[in-house]
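# Remarks on the overall topology
This is what each chain is made of:
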Amino acid sequence: MKNRLKVLRAERDWTQAKLAEELDVSRQTINAIETGKFDPSLPLAFKAARLFDMLIEDIFQDEVNS
Amino acid sequence: MNKTNAETKTNKAYSRDRVSEAKVIYWCLAWTLATAGATFGPELWGYGTLITSIGIAIQLAIGFGMIWTFKGFLLAMDELQRLIQLEAISLAFGVGVVVGLSYELLEDVKLITFEPEISHLIMLMALTYMFGLFLGNRHYR
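### Digging into the interface of chain A and chain B
- Contact with chain A, which involves 15 residues of that partner, is made by 13 residues of chain B.
- Surface buried jointly by chain A and chain B totals about 1,200 Å² across both partners, of which 53% is contributed by carbon and sulfur atoms.
- Looking only at chain A, the three residues that lose the most surface to chain B are E21(A), Q28(A) and K37(A), adding up to 46% of its buried area.
- For the interface between chain A and chain B, the tally reads 7 residue pairs in polar contact (both at pLDDT 80 or more).
- Counting residues per element, the ones that place at least two in the side of chain A that touches chain B are helix 2 (16-23) and helix 3 (27-34) of chain A.
- Of the residues forming the side of chain A that touches chain B, the biggest block, 4 residues, is contributed by helix 3 of chain A.
- Considered class by class, the residues forming the side of chain A that touches chain B number 6 nonpolar, 5 polar and 4 charged.

Given below as structure tokens:
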């Protein structure tokens, strides 16, 4: 699964630590999601969508459909 | 230099994790001491039934306390950290069952002359668990 977390974070000039705090996860988790090593759970994806005020599918894309 | 709010909060979360880890370590230490007491104590007090039973009951109670604390430690983690723990625990459990049975079999078919010790298996599982954590953290870093 691809995601735009890194881009969205950069647009806001946020560090991984800042995003981790906002989503209440570790910085390691943010890094693993950004590098595509780990796919977040649905609740975490919803949390990210709420944080960036976007739809989940605008942040996370299934690679099969892209 | 002033820290940002996020850095301060992350440091607080980091401190919470450290406190949670410390609790698990203290419980493990207490359980190890209780196990040593229950193992070697009876020799000191002449295998008295009541005091030996109390020693084992204490060891068991501390063991359950350790399990409960570890459960809390896992629940306090985020989903990636929990996945790393799950993979490490699965590896340790799998290796423990497979190697443990083969180890027991070695004695049954007389390929080894000594009695297999449960402590060897526990050491193997502990080392496998630590190796699993190392692999997981390296993979998801």
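### Here we look at the domain arrangement of chain B
Residues and elements named next belong to chain B.
- What the domain assignment reports for chain B is domain 1 (1-76) and domain 2 (78-141).
- Counting from both sides, the interface comprises 6 residues of domain 1 and, opposite them, 6 residues of domain 2.
- The contact between domain 1 and domain 2 buries some 400 Å² in all, and 56% of this surface belongs to carbon and sulfur atoms.
- The interface formed by domain 1 and domain 2 contains 0 salt bridges.
- On inspection of domain 1 and its partner domain 2, the count reaches 2 residue pairs in polar contact (both at pLDDT 80 or more).

### Overview of helix 4 (residues 118-139) of chain B
All names here are of chain B.
- Over its 22 residues, helix 4 runs 31 Å from end to end, which matches the ideal 32 Å to within 8%, given 1.5 Å per residue.
- Looking at helix 4, one finds that the buried residues are L121, T128, G132, L133 and G136. Down the axis of helix 4, the buried set is contained in an arc of 145°. They therefore lie on one face.
- Considering only its buried residues, helix 4 is in contact with helix 3 (79-108).

### Examining the packing of aromatic side chains
- For the coordinates displayed, the defined rule picks out 3 aromatic pairs over all chains.
- Residues F38(A) and Y140(B) carry aromatic rings whose centres are separated by 6.4 Å and whose planes lie at 80° to one another, so their mutual orientation is edge-to-face. Of this pair, F38(A) sits in the loop between helix 3 and helix 4 (42-52) while Y140(B) sits in the segment after helix 4, each in a different chain. Taken as a pair, F38(A) and Y140(B) share a single burial class, namely buried.
- Of note, K18(A) hangs over the ring of W14(A), and the distance from its end group to the ring centre comes to 5.3 Å.

What counts as what
Residues numbered from 1 in each chain as written. Chains lettered and ligands numbered in written order. Predicted model: local features only at pLDDT ≥ 70, side-chain atom pairs only at ≥ 80, totals over all residues. Heavy atoms only, no water. Contact = heavy atoms within 4.5 Å. Buried area = accessible area lost by both parts, 1.4 Å probe. Polar contact = N/O pair within 3.5 Å; in protein donor to acceptor, adjacent residues only side chain to side chain. Helix = DSSP H or I, 4+ residues; strand = E, 2+ residues; numbered from the N terminus. Nonpolar A, V, L, I, M, F, W, Y, C, P; charged D, E, K, R; others polar. Domains from an automatic or database assignment. Salt bridge = Lys/Arg side-chain N within 4 Å of Asp/Glu carboxyl O. Expected span 1.5 Å × (residues − 1). Buried < 20%, exposed > 50% of the residue type's maximum accessible area, 1.4 Å probe, protein only. Arc of directions from axis to C-beta. Phe/Tyr/Trp six-rings, centres within 6.5 Å; stacked < 30°, edge-to-face > 60°. Lys NZ or Arg CZ within 6 Å of the ring centre and 35° of its normal.

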